[in-house]
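One-letter residues, chain by chain:
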Amino acid sequence: MSRPAAPTRRLVLAGGLAAAGVAQGARAAPGIADASPWIAYESRLRARLADAGGGRFDGPAEREILDLTNAARAASGAPPLRWDEELAETARAHAADLAHRNYFEHLSPEAFDPSHRFWLLARRTIGSPSENLALHRGSGRADPAGLMRNWRGSPPHWRNLLKPGHTHAGFGLVRIGDSDYLAGLYARPVLTLPQPFPFRPSAREFAAALQAVPEAVEASTPQGGAWSRADGPPRVMQLSARRPLEGRAYERIGGPIFVTPA
């Protein structure tokens, strides 16, 4: 994903199983001068957490998928993943949106990607996840082992699941009609904020929230898009932090996206 510079931190298949690949599409996310698409999508995701897209969440199966994942990682020599509730919440929201709108892609119809979803819903974590998806459609319910076999049969999914650098994961499984929608998110968070950063803060809340942010965290335009200054001043911003790489290099990792006070 593209990583725009941050001047200052205060600136701020039908008939069986299917899997969606981990690669991203070419559609561009909405711009950042108009916050309304971001607000609408965040509201949609929150609504899907409340209604499971018209189906139901299978919490025990979600946890079993983590156990099966860690068994596979142990067999490959990778360290175990810890359950992360913010990753799980984001996975559930997307699985429910897939069920509700009857589509099966990493990109939403509005062109928001897995990281955008996480940065909209996860209010304390600096980190960028990768996503696996699976769909079962047909007679009978898909059990966790069957969904895992689907990912095992897809090299990109299996590499994503076994990636040694991941430390945390969360899963969302929605069962609706004759379909089962599974989303898995994997990440290595950079840091956890001391308190949730508000999505749509008032001017007073915004000032207080910034004061509570660690000095290593900066505010800039969101990652994952080619934003044009010609569109106007940004109303959508993002917290981010640096993750050291070998030598003196580093990568910038995104965190909570927020709408600046009008």
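Residues numbered from 1 in each chain as written. Predicted model: local features only at pLDDT ≥ 70, side-chain atom pairs only at ≥ 80, totals over all residues. Heavy atoms only, no water.

S.K.: For this particular structure, what's the right way to read the nonpolar core?
M.R.: One recurring pattern in soluble globular proteins: nonpolar side chains tend to sit buried together. If you look at the biggest cluster of nonpolar residues, it comprises 31 residues, and the most contacted ones within it are W38, L120, Y181, V236 and I257. With residues up to four places along the chain from it excluded, the contact list for V236 reads I32, A35, W38, P222, I257 and F258. Counting 20 residues, the second largest nonpolar core, distinct from the first, contains W83, A142, L161 and Y186. (Core = buried A, V, L, I, M, F, W, Y, C linked by side-chain atoms within 4.5 Å. Buried < 20%, exposed > 50% of the residue type's maximum accessible area, 1.4 Å probe, protein only. Contact = heavy atoms within 4.5 Å.)

S.K.: Mind showing me how you'd approach the sheet that holds strand β10 (residues 236–244) here?
M.R.: Pairing between the strands of a sheet comes from backbone hydrogen bonds, and it takes one of two forms, parallel or antiparallel. A sheet is described by the order of its strands in space; here three strands give the open sequence β9-β10-β11, paired in antiparallel fashion. Where the open sheet ends on each side, the last strands, each with one partner, are β9 (218–220) and β11 (250–259). Averaged over all neighbouring strand pairs, the angle between strand axes comes to 35°, with direction disregarded. Bridge count for β10 against β11 is eight bridges, and the pairing is antiparallel. Paired with A241 across the strands is I253, a residue of β11. (Pairing = 2+ DSSP bridges. Helix = DSSP H or I, 4+ residues; strand = E, 2+ residues; numbered from the N terminus. Axes fitted to C-alpha atoms, helices over the stretch in contact; angles between N-to-C directions.)

S.K.: Explanation requested: the pattern of salt bridges in the structure shown.
M.R.: A side chain of one charge can pair with a side chain of the opposite charge when the charged atoms of the two come close. Here the structure, examined in full by the defined rule, presents 15 salt bridges. For R48, the salt bridge goes to D51, with nearest N and O atoms at 2.6 Å. Taken together, the positions of R48 and D51, both in helix α1 (residues 36–51) and three residues apart, correspond to about one turn of that helix. The exposure class of R48 is buried, given its relative accessible area of 8%. Of the charged contacts, one joins R175 and D180 as a salt bridge, the two residues approaching to 2.9 Å between their closest N and O atoms. The network of salt bridges with common partners includes R44, D97, R101 and E110. (Salt bridge = Lys/Arg side-chain N within 4 Å of Asp/Glu carboxyl O.)

S.K.: Sorry, what's going on with the confidence of the model for the protein here?
M.R.: Detailed conclusions should not be drawn from predicted coordinates in areas where pLDDT is low. Summary statistics for the protein give a mean pLDDT of 88 and a share of 87% for residues scoring 70 or more. Overall, residues 1–17 carries pLDDT values under 50, and its contacts beyond four positions in sequence, including any with other chains, amount to 51 contacts. Confidence drops under a pLDDT of 50 for residues 21–25, and excluding neighbours within four residues, the segment shows 13 contacts in the predicted structure. (pLDDT = per-residue confidence, 0-100.)

S.K.: Would you mind showing me how to read the packing of aromatic side chains here?
M.R.: One pair of aromatic rings is described through two measures. These are the centre distance and the angle between the planes. Enumeration over the complete set of coordinates arrives at eight aromatic pairs. Relative to F258, the ring of F197 has its centre 4.9 Å away and its plane inclined at 50°; by these criteria the two rings are tilted. Placement of the pair is F197 in the loop between β8 (191–192) and α7 (203–212) and F258 in strand β11, with a sequence separation of 61 residues. One exposure class covers both F197 and F258, and it is buried. Look at F206 and F258: their rings are 5.5 Å apart centre to centre, the planes differ by 40°, and that puts the pair in the tilted class. Of this pair, F206 sits in helix α7 while F258 sits in strand β11, placing them 52 residues apart in sequence. With a relative accessible area of 15%, F206 lands in the buried category. Given a relative accessible area of 0%, F258 falls into the buried group. Three or more aromatic residues joined by ring pairs form one cluster here, namely W83, W151, F171 and Y186. The ring of W83 carries the charged tip of R63 above its face, separated from the ring centre by 4.1 Å. Over the aromatic face of Y250 sits the side chain of R242, whose NZ or CZ is 4.1 Å from the ring centroid. (Phe/Tyr/Trp six-rings, centres within 6.5 Å; stacked < 30°, edge-to-face > 60°. Lys NZ or Arg CZ within 6 Å of the ring centre and 35° of its normal.)

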